[in-house]
Amino acid sequence: MSPDAYSALALPRPESPDEERELLAAFFAGLEKLFTREDNWTFLRPLLITVEHCVRCQTCSEACHIFTGSGRQEIYRPTYRSEILRRLYFKYVRHKRWQGAVKLDWNTVSNLAELAYRCNLCRRCAQACPMGADNGLVAHEIRKLFSQEMGIAPKELHASGSLVQLRTGSSTGMNPAGARDSFDFIDEEMTEKTGIAVKTPWDVEGADVLLIHNAGEVLSWPENPGAFAVMLTAAGVSWTLSSELTGYDAVNYGLWYDDVQFARVALRQIEAARKLKVKRIVIGECGHAHKALTVIADRLLPSDLNLPRVSSMTLMRDLVLGGRLAVDPTRNDFPVTLHDPCNMTRLMGITEPQREVLRAVCPDVREMSPNRTENYCCGGGSGFAIMSGKTFVDWKLNVAGAKKMEQVLAAFADCMDPSIPKYICAPCSNCKGQFRDLIAHRGLWKSNRIFYGGLAELVVNAMRDVKPGFLEWEWR
Amino acid sequence: MLLSWLAYLAGAVFLAGSAFRAVKYARTPVPLRWELYPIPPGFAGQVRYTAAEVLVLREAWKHNRKLWVRTYPFHLGIYLCAVAVASLVTGPRGFTEAVSLAGLVLLLIGSCALLAARLTDPALKPYTSPADFFNLSFFALTAAVPLAAFAAEGAAPASVWRAVATFHPVSPLAGLGVALAALLAAYIPFTHMAHFVAKYFAYHKVRWDDHRYPAVAAQLRYTPHWSAAHVGAGERKTWADVALADPPKEKKP
């Protein structure tokens, strides 16, 4: 049962009245726990404030790229799913009348489960709210209810995601030996391609920097971790990767649907750094990993585990603007637009380091509008970039990604001719995945030579010590 | 006499109810960090932001002008009535009368405009509960009655409030107005209309708060009861136990 023609969860309809009763009882138990301090201390305060004080004035609707991108379909209004939860809460948990009609049945529950996955959790709606309510958080909390109480979550996030990461070390399924092999291969490629002898250091005790990439980069865009290896080697940074389980994969899908899985992954990542006695953790180009390990995990960590955690955006800025990497911006002689990953910008406030780097290495940078903390999500946020579900891909490309593509096309409006290569700089692995799919879906690489990639690749492409032509402009 | 006691009691209930709500939110566990940028820089920046939000409803102005033209008169009306009440003792009589009348007129206009929008706007109507209609109607009536008393009986609102405050009798319609205002004031803290309390916590204790709190250590000793198999909760397991453990292996059917 789905409120639209798509499905992220493909929940089967209960086969008998008894099964339905069981499911509803489980949902109700989860609903109660969501509002209990022992069970949901992690987000009870903002959840209560939102549920008790949202006045449904709909100010948030126009801020939502999914609502506007869908042609303003009612079910995608940020308040729509929140209103269902709010009414359920008041009627069944608080036993209050007069707060609006709602019926606790399978249709309501299954719609709510699906609707929680029609929000990118980008919290642009919250930014617009005059009351301080946060309907993005409500979607997050609904996802938690289903996962933590009923064991219902998209398989890409849970069964093939965080569970695999905790078991094998990476959500990609890549174990430590596999990771080292992959990086050996990347090192060889980078050495040959750049002329700089690269050897990724592993498990170096006391290194200044423990770099943690989104391991998906290794498989889908190996030139990104490769570019980091080139930069750090050329700049003479003391750095290392960790071969501890989860120590070489920065992703933390729990951030999107399950506090328990979130805490497990974050604690293990930090433990990997503690064991190596590194001075700081640097998080590669992955927006949600930035927010997960730097911000959300912060209060979970006891003092001895609260190691400095910084963004690769600031590290790159220090290297490029500090003169440790000599760059020639004319090597990036093509239009570039910068995508702001929501997790880094609106949710962490990192807006300038990436711009300073970009301006130093690219002569033709175009801002999307709006940008920085008011950016629009790419439509792949909160796990959608890796989710396929039942026809879910169609939705994330046509609805969730519509606004972002409008922005991209506007930024490149004066240079759409295919003779001019164009680059969307997306310093986030999930955003890159979404851009890859959006560009392919609209045929924009073939017809207009719109390409995408990370920030590190642009830096290395501009490095004077690197053989020209690091960027290959080959679609993948 | 009874009306005066009712008014004072309502004022006390308003203060106690608002304090109760503030304590309720203050006593919720410290959440995980959940900031939202841009965050106004420094204490002065936060004060400026808050002042603009309270005095001119800046976010509504910025993001929803249609709402602002309705809700600003409503809120300004409340503020002016509060100013009039606060200046009953020391304020010049003419000033107090003018401010109270302006406040009541704006409150009536604002509440009627909000009510009309809730009744007719297809984006608002389905999301409006019976309680919302009741609340807005209550405000409209509370503003309309003293204005009617002024028109029909010449009972100027501030004079009426001053008489009630000093235990002097007032005309029946004016008395009804005071009774409604008293009941409304006592009712507000127990509804979502007490967002003046919630907003403080939403901004200062969630969105703008990146501090670490020792209280979280105690919260990690809470016992979660989530039932999904991968959580692995158990009677004696704390949040810390669960987070440090691997997910239990799920049994194959």
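Nothing here was measured: the structure is a model prediction, and the numbers come from that model.

Reading guide: rules and limits
- Just so you know, the residues in each chain are numbered from 1, in the order the chain's sequence is written.
- The order in which chains are written sets their letters, starting at A; the order in which ligands are written sets their numbers, starting at 1.
- A pLDDT threshold of at least 70 governs which residues receive local features in this predicted model, and a stricter bar of 80 or more applies before side-chain atom pairs are shown or counted, although totals over entire chains, interfaces and linings include all residues.
- Only DSSP runs of H or I covering at least 4 residues are called helices, and only runs of E covering at least 2 are called strands; the numbering of each starts at the N terminus.
- We take the radius of gyration over the C-alpha atoms and set the globule estimate at 2.2 Å times the residue count to the 0.38 power.
- The burial criterion counts other C-beta atoms lying within 10 Å of a residue's C-beta, which is placed from the backbone; the residue is buried at 20 or more, exposed at 12 or fewer, and partly exposed between these limits.
- Here, residue contact means that the backbone-derived C-beta atoms of the two residues sit within 7 Å.
- The nonpolar class holds Ala, Val, Leu, Ile, Met, Phe, Trp, Tyr, Cys and Pro. Asp, Glu, Lys and Arg form the charged class, and all remaining residues, Gly among them, are polar.
- Strand pairing follows a simple DSSP-based rule, namely that at least 2 bridges must link the two strands.
- Axis angles are defined between N-to-C directions and span 0 to 180 degrees, where every axis is a line fitted to C-alpha atoms and, for a helix, only to the segment in contact.
- Working definition: the nonpolar core is a set of buried Ala, Val, Leu, Ile, Met, Phe, Trp, Tyr and Cys residues, joined through C-beta atoms within 7 Å.
- An automatic or database domain assignment supplies the start and end points of every domain.
- It is the directions from the helix axis to the C-beta atoms whose arc is reported.

Here the focus is the overall build of chain B. When you go through chain B residue by residue, the secondary structure sums to eleven helices and zero strands. A globule of 253 residues ought to have a C-alpha radius of gyration of about 18 Å, yet chain B, at 24 Å, is considerably larger. Overall, the C-alpha framework of chain B stretches about 80 × 45 × 40 Å when taken along its three principal axes. Here chain B holds 253 residues, and the buried ones make up 34% of them.

What follows is about the interface of chain B and chain A. At the junction of the two partners, chain B supplies 54 residues and chain A supplies 55 residues. Within the residue set of the side of chain B that touches chain A, elements represented by two or more residues are α3 (58-63), α6 (130-153), α9 (195-207), α10 (215-219) and α11 (239-244) of chain B. With nine residues, the single largest contributor to the side of chain B that touches chain A is α9 of chain B. Per-class residue counts for the side of chain B that touches chain A are 35 nonpolar, eleven polar and eight charged.

Residue and element names in this part refer to chain A. One open sheet holds the four strands; their spatial order is β2-β1-β3-β4, and the pairing between them is parallel. Each end of this open sheet is capped by a strand with a single partner; those strands are β2 (239-240) and β4 (309-311). Taken together, the two bridges between strand β1 (residues 209-212) and β2 define a ladder with parallel strand orientation. Bridge pairing in β2 links V209 to W239. Strands in contact with helix α15 (residues 287-296) are β3 (280-283) and β4; relative to β3, the strand with the most contacts, it is inclined by about 155 degrees. Against the sheet, helix α16 (residues 312-321) touches β3 and β4, its axis set at about 65 degrees to β4.

This part is about the sheet that holds strand β5 (residues 336-338) of chain A. Residues and elements named next belong to chain A. On the basis of which strands lie adjacent, the open sheet formed by four strands has the order β6-β5-β7-β8 and parallel pairing. This sheet does not close on itself; its edge strands, each paired only once, are β6 (365-367) and β8 (450-453). Across the sheet, the mean angle from the axis of one strand to that of its neighbour is 30 degrees, orientation sign disregarded. Note: β5 against β6, three bridges, orientation parallel. Bridging across to β6, V336 finds its partner in V365. Strands β5, β6 and β7 (422-425) of the sheet are contacted by helix α17 (residues 353-361), whose axis makes an angle of about 175 degrees with β5.

Here we come to the nonpolar core. Judged by nonpolar contacts, the single largest core of 212 residues is most densely connected at L210, M231 and V459 of chain A. Among residues more than four places away in sequence, those in contact with V459 of chain A are A227, M231, M316, V320, L325, V327, V357 and V361 of chain A.

Moving on to the domain arrangement of chain A. All names here are of chain A. Looking at the assigned domains, one finds that chain A contains domain 1 (17-150), domain 2 (160-317) and domain 3 (327-462). Each of domain 1 and domain 3 has a C-alpha centre, and the two are 31 Å apart. Listed per partner, the contact involves eleven residues of domain 1 and 13 residues of domain 3. For the side of domain 1 that touches domain 3, the elements supplying multiple residues, two or more each, are α4 (65-69) and α7 (124-128). No other element matches the four residues that α4 contributes to the side of domain 1 that touches domain 3.

On to the domain arrangement of chain B. Bring the parts together and some accessible area is lost; that lost area is often taken as the interface size. Here chain B is described as being made up of domain 1 (2-207) and domain 2 (220-244). Using C-alpha coordinates to define each centre, domain 1 of chain B is positioned 43 Å away from domain 2 of chain B.

Here we take up helix α19 (residues 402-411) of chain A. For α19 of chain A, every residue scored as buried is listed here: K403, K404, M405, Q407, V408 and A411 of chain A. For α19 of chain A, the elements touching its buried residues are α4, β5, β6, β7 and α20 (429-442) of chain A.

It is worth spelling out helix α9 (residues 158-168) of chain A at this point. Residue and element names in this part refer to chain A. Listed in full, the buried residues belonging to α9 are H158, G161, S162, L163, Q165 and L166. Buried residues of α9, viewed axially, fall in a sector of 145 degrees; they line one side. In this fold, the buried residues of α9 make contact with α8 (135-150), α13 (254-257) and α14 (259-276). Positive phi shows up at G169, right after α9, with a value of about 110 degrees.

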